[in-house]
Amino acid sequence: MVRSETGRRAGRKPKGVTLRRITAANGEKVTVRSIDANSPTFGEDFLYVFTKNVEAARRDNKRLFGSADGVAADD
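Residues numbered from 1 in each chain as written. Predicted model: local features only at pLDDT ≥ 70, side-chain atom pairs only at ≥ 80, totals over all residues. Heavy atoms only, no water.

Re the overall build of the protein chain
Applied cut-off: A run of H or I in DSSP becomes a helix once it reaches four residues, and a run of E becomes a strand once it reaches two; helices and strands are each numbered from the N terminus. Only protein chains enter the calculation, and the probe is 1.4 Å; a residue is then buried if its accessible area is under 20% of its type maximum, exposed if over 50%, and partly exposed in between. Contact definition: two residues touch when any of their heavy atoms are within 4.5 Å. Method for areas: the Shrake-Rupley scheme with a 1.4 Å probe, in which residue coverage is limited to the protein chains shown.
If you tally the helices and strands in the protein chain, you get one helix and two strands. When the helices and strands of the protein chain are listed from N to C terminus, the series reads β-β-α. Here the protein chain holds 75 residues, and the buried ones make up 17% of them. For the protein chain, the proportion of contacts with a sequence separation of at least 24, taken over those separated by at least 6, is 31%. Total accessible area on the protein chain is roughly 6000 Å²; 51% of this is exposed by carbon and sulfur atoms.

If you want it as structure tokens, here you go:
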């Protein structure tokens, strides 16, 4: 897990972050995380959302390509 300047882990959802599940145009359910721009903890909120997005991307890469880093580059 990534830690912010205050030493807190980015695992718990901060109060400035809202979660919504929406249906995309193709019918797939998608989780959307929004940040309150006026939140006093904007940095921690942004870190949390960024961390969750990276985790999801790595999980998808692992499922699609067998590696969390994605497709290996050809030399």
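A look at the environment of Phe42
Within the secondary structure, Phe42 sits in helix α1 (residues 42–65). Overall, Phe42 belongs to the partly exposed group, its relative accessible area being 35%. Along the primary structure Phe42 and Gly16 are separated by 26 residues, whereas in three dimensions their C-alpha atoms are 7.2 Å apart. In contact with Phe42, other than residues within four places in its own chain, are Ile35, Asp36 and Ala37.

Regarding the confidence of the model for the protein chain
Filter applied, for reference: A residue's pLDDT is simply how confident the predictor is in it, with values from 0 to 100.
A residue-level look at the protein chain finds 77% of positions with pLDDT of 70 or above and a mean pLDDT of 83. The least confident element of the protein chain is α1, whose mean pLDDT is 90; the most confident is strand β1 (residues 17–23), at 94.

Focus on the pattern of salt bridges
For side chains bearing opposite charge, pairing can occur when the charged atoms are close. What counts, and what does not: One speaks of a salt bridge when a side-chain nitrogen belonging to Lys or Arg is within 4 Å of a carboxyl oxygen belonging to Asp or Glu.
For the coordinates displayed, the defined rule picks out two salt bridges. Among the ionic pairs, Glu55 bridges to Lys52, the shortest N-O distance being 3.6 Å. Residue Glu55 and its partner Lys52 are both found in helix α1; the two are separated by three residues, about one turn of the helix. A salt bridge links Arg63 to Asp60; its shortest N-O distance comes to 3.6 Å. Pair noted here: Arg63 and Asp60 are both in helix α1, with a separation of three residues, about one helical turn. The class for Asp60 is partly exposed, based on a relative accessible area of 36%.

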